[in-house]
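In case you want the letters, here they are:
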Amino acid sequence: MNLRRQTRTVRIGSLQIGSTHPIRVQSMTTTNTADAEATAAQIRTLEAAGCELIRVTVPNRESAGSLKRLKQAMTVPLIADIHFDYRMALLAMDAGVDKVRINPGNIGSEERVREVLRAAKQRGVAVRIGVNSGSVEKDLLEKHGLPSPDALAESALRHIRTCQDEQFDQVVVSIKSTDVRTCLEANRRLAEQCDFPLHLGITEAGRPAYGSIKSAVGIGGLLLEGIGDTIRVSLTAPPEQEIPVAFDILKATGARINSPELVACPTCGRIDIDLEKLMAEIEERLAGETLPVRIAVLGCVVNGPGEASEADIGIAGGGGMGILYRGGKAVARVKEKDMVDALLAEIEKIRAERAQAEPAAKS
Ligand code: SF4
């Protein structure tokens with residue numbers, strides 16, 4: 001169990017971000033925001049996938065013109081992504097967005113950043129200060145020689161000071177880089193020096209296969225250290241594909257578990273059951289299940305009791321049959337075709353046991 005870094009709380013519409021709240025998953029639409037219909041359709045797809053905050057780019061007035069309609073059509077908080085033109089941030093806030101993301105390094109001047117912060121404070125809108133390798137100020141690049149972790153962290157801290165100067169604390173901060181090591185180091189340094197919630201991500205992680213691994217290493221590495229309050233996996237793919245990857249990173253790190261965890265052996269010559277078929281069926285039948293329960297599925301009984309003892313439920317192949325374990329003890333021997341039904345029945349028992357234990361624990 002990892003300890004979360006303590007942060008202050010930031011309200012983003014109906015959600016709160018920070019160490020006393022679950023780590024939230026977010027993504028960004030890829031449609032032209034000016035096309036409200038297409039963007040609303042993608043927002044619906046993201047919401048259905050479980051996305052908890054959705055960001056849209058607002059590069060011009062036409063895009064800002066869609067925001068009111070988008071806001072009305074969605075249930076999760078809406079974030080406006082602003083580059084270069086601070087006036088788009090002001091228009092987005094007028095349209096009712098819950099948060100704006102600015103990169104102070106490309107907004108033009110500190111005064112313009114301050115103007116955005118003042119407007120956000122007045123309207124109760126949160127702001128993400130986003131720093132990346134390409135936006136580090138000239139003087140910091142000269143001082144550090146390159147956009148190093150120190151340069152990135154110093155840049156973010158400089159912008160945080162501007163927020164504090166404006167007595168504005170509804171701020172989430174992100175430092176992103178395509179280089180995993182730089183991203184990890186920069187966020188560690190920032191985490192030590194401020195108590196604002198951090199948004200984690202590896203930019204331009206790439207196509208789903210490698211991008212998911214890169215994101216898991218970068219985001220997951222920080223989550224294991226208790227750093228991170230909201231995450232975005234950036235993949236070159238339809239954005240809804242980012243959501244299960246993000247939730248799997250949260251699950252694998254133990255940072256937030258809201259679905260069953262399936263542990264399975266890699267199989268070998270001892271295999272005594274069609275494990276791949278069994279896993280596919282389990283995955284299919286558990287789709288949408290939210291009970292945090294660990295299920296170990298093993299190809300034979302050699303490691304069955306041992307492996308299953310660390311899981312809530314274990315299944316091991318045995319002579320064409322399946323052996324069901326609870327807490328490492330074999331509790332039933334069932335036909336292979338009945339395994340998944342038996343597993344689901346055990347899940348229901350666990351659900352009932354936990355529901356019964358909950359009020360007892362509270363009383
Ligand atoms: Fe092989 Fe059995 Fe281990 Fe699976 S559990 S890898 S089948 S020995």
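Just so you know, these numbers come straight off a predicted model, no measurement behind them.

Novice: Just to check I follow, could you spell out the pattern of salt bridges for this structure?
Specialist: The final tally for this structure, using the stated rule, is 33 salt bridges. The shortest N-O distance in the salt bridge between Asp195 and Arg8 comes to 2.9 Å. Of the two residues, Asp195 sits in the loop between helix H8 (180–193) and strand E9 (198–200) while Arg8 sits in the segment before strand E1 (10–12), which places them 187 residues apart along the sequence. What makes Arg8 partly exposed here is its relative accessible area of 28%. Residues joined by salt bridges that share partners form a network here, namely Glu110, Glu111, Arg114, Arg118, Asp165 and Glu166.

Novice: Whenever I open this one, the nonpolar core confuses me. Can you help?
Specialist: When a protein is soluble and globular, its nonpolar side chains tend to lie buried together. One finds Leu67, Met93, Leu190 and Ile231 to be the most contacted residues of the largest nonpolar core, which totals 76 residues. With 7 residues, helix H7 (residues 149–165) is the single largest residue contributor to this core. Discounting residues that sit within four places of it in the chain, Leu67 has contacts with Thr33, Val56, Val58, Leu78, Ala92, Ala95 and Val97. Leu324, Met339, Val340 and Leu343 belong to the second-largest nonpolar core, a separate cluster that totals 20 residues.

Novice: Explain the packing of H8 against helix H9 (residues 208–224) here, please?
Specialist: In a packed pair of helices, the relevant descriptors are the angle between the two axes and the axis-to-axis distance. For the pair H8 and H9, the least separation of the axes is 10 Å and the interaxial angle reads 15°. The angle between H8 and H9 places the two elements in the roughly parallel class. Relative to H9, H8 is oriented so that their crossing is right-handed. Mapping the contact onto sequence places Val180, Cys183, Leu184, Asn187 and Arg188 in H8 and Lys214, Val217, Gly218, Gly221 and Leu222 in H9. Its residues assigned to classes, the contact of H8 with H9 shows 5 nonpolar, 3 polar and 2 charged.

Novice: Is there a simple way to think about helix H10 (residues 242–252) in this case?
Specialist: One turn of the α-helix equals 3.6 residues, which is why residues spaced by three or four share an orientation. Most of H10 is tucked away, with 8 of its 11 residues classed as buried. Regarding H10, the residues found buried are Glu242, Ile243, Val245, Ala246, Phe247, Ile249, Leu250 and Lys251. Note on H10: the residue one or two positions beyond its end, Gly254, has a positive phi of about 75°.

Novice: Whenever I open this one, the domain arrangement of the protein chain confuses me. Can you help?
Specialist: Along its sequence, the protein chain is carved into domain 1 (10–253) and domain 2 (261–362). Inter-centroid distance (C-alpha atoms) of domain 1 to domain 2 is 39 Å.

Novice: Whenever I open this one, H9 confuses me. Can you help?
Specialist: Helix length check: H9, at 17 residues, gives a terminal C-alpha distance of 22 Å against a target of 24 Å (1.5 Å per residue), a fit within 8%. Of the residues making up H9, those classed as buried are Gly211, Ser212, Lys214, Ser215, Gly218, Ile219, Gly220, Gly221, Leu222 and Leu223. Considering only its buried residues, H9 is in contact with H8, E9, strand E10 (230–231) and H10. Just downstream of H9, Gly226 is the residue with a positive phi angle, here 85°.

Novice: Could you clarify how one ought to interpret the environment of Val76 in this entry?
Specialist: With respect to the helices, strands and loops of the structure, Val76 is situated in the loop between helix H3 (67–73) and strand E5 (78–82). What makes Val76 buried here is its relative accessible area of 14%. When the C-alpha atoms of Val76 and Ala40 are compared, they prove to be 12 Å apart, with 36 residues separating the residues in sequence. In contact with Val76, other than residues within four places in its own chain, are Glu47, Cys51, Glu52, Leu53 and Ile54.

Novice: Looking at this structure, I do not really get the state of the cysteines. What am I missing?
Specialist: Disulfide: a covalent bond connecting the sulfur atoms of a pair of cysteines. This model, assessed by the stated rule, comprises 0 disulfides. We note that Cys163 lacks a disulfide partner, and the nearest cysteine sulfur, in Cys194, lies 10 Å from it. Given the relative accessible area of 0%, Cys163 is considered buried.

Novice: I tried to follow a nonpolar patch on the surface on my own but got confused; where do I start?
Specialist: A contiguous nonpolar surface patch, about 330 Å² in accessible area, is contributed by Tyr210, Ile213 and Val217. Secondary-structure assignment places Val217 in helix H9.

Novice: So what exactly am I meant to see when it comes to the environment of Arg326 here?
Specialist: Structurally, the position occupied by Arg326 is in strand E14 (residues 321–326). A C-alpha to C-alpha distance of 7.8 Å links Arg326 and Ala311, two positions 15 residues apart in sequence. If near-sequence neighbours (up to four positions away) are discounted, Arg326 is found in contact with Asp312, Ile313, Val331, Glu346, Lys349, Ile350 and Glu353. A polar side-chain atom of Arg326 sits 3.0 Å from a polar atom in the side chain of Glu353.

Novice: Looking at this model, I keep getting lost on the pairing of strand E13 (residues 313–318). Mind explaining?
Specialist: As a general feature of sheets, a regular strand has side chains that alternate between the two faces. Burial analysis of E13 places 6 of its 6 residues in the buried class, the great majority of the element. Side-chain alternation along E13 places Ile313, Ile315 and Gly317 on one buried face and Gly314, Ala316 and Gly318 on a second face that is also buried. Two elements, strand E12 (residues 294–298) and E13, share 4 bridges in a ladder whose sense is parallel. Bridge pairing in E13 places Ala296 opposite Gly314. From the end of E13 to the start of E14, which pair antiparallel, there are 2 residues, and Gly319 there has a positive phi angle of about 60°.

Novice: How should the side chain of Thr230 be read in this particular structure?
Specialist: Looking at the element boundaries, Thr230 is found in strand E10. Those residues in contact with Thr230 that sit more than four places away from it in its chain are Ile17, Ile23, Arg24, Gln26, Leu53, Val172, Leu198, His199 and Leu200.

Conventions adopted
Residues numbered from 1 in each chain as written. Predicted model: local features only at pLDDT ≥ 70, side-chain atom pairs only at ≥ 80, totals over all residues. Heavy atoms only, no water. Salt bridge = Lys/Arg side-chain N within 4 Å of Asp/Glu carboxyl O. Helix = DSSP H or I, 4+ residues; strand = E, 2+ residues; numbered from the N terminus. Buried < 20%, exposed > 50% of the residue type's maximum accessible area, 1.4 Å probe, protein only. Core = buried A, V, L, I, M, F, W, Y, C linked by side-chain atoms within 4.5 Å. Contact = heavy atoms within 4.5 Å. Axes fitted to C-alpha atoms, helices over the stretch in contact; angles between N-to-C directions. Parallel < 35°, antiparallel > 145°, perpendicular 65-115°, else oblique. Left-handed = near helix turned anticlockwise from the far one by under 90°. Nonpolar A, V, L, I, M, F, W, Y, C, P; charged D, E, K, R; others polar. Domains from an automatic or database assignment. Expected span 1.5 Å × (residues − 1). Disulfide = S-S within 2.5 Å. Patch = residues over 30% accessible without salt bridge, like charges linked within 9 Å, V, L, I, M, F, W, Y side chains within 5 Å. Areas by Shrake-Rupley, 256 points an atom, 1.4 Å probe, with all protein chains shown as cover. Polar contact = N/O pair within 3.5 Å; in protein donor to acceptor, adjacent residues only side chain to side chain. Pairing = 2+ DSSP bridges.

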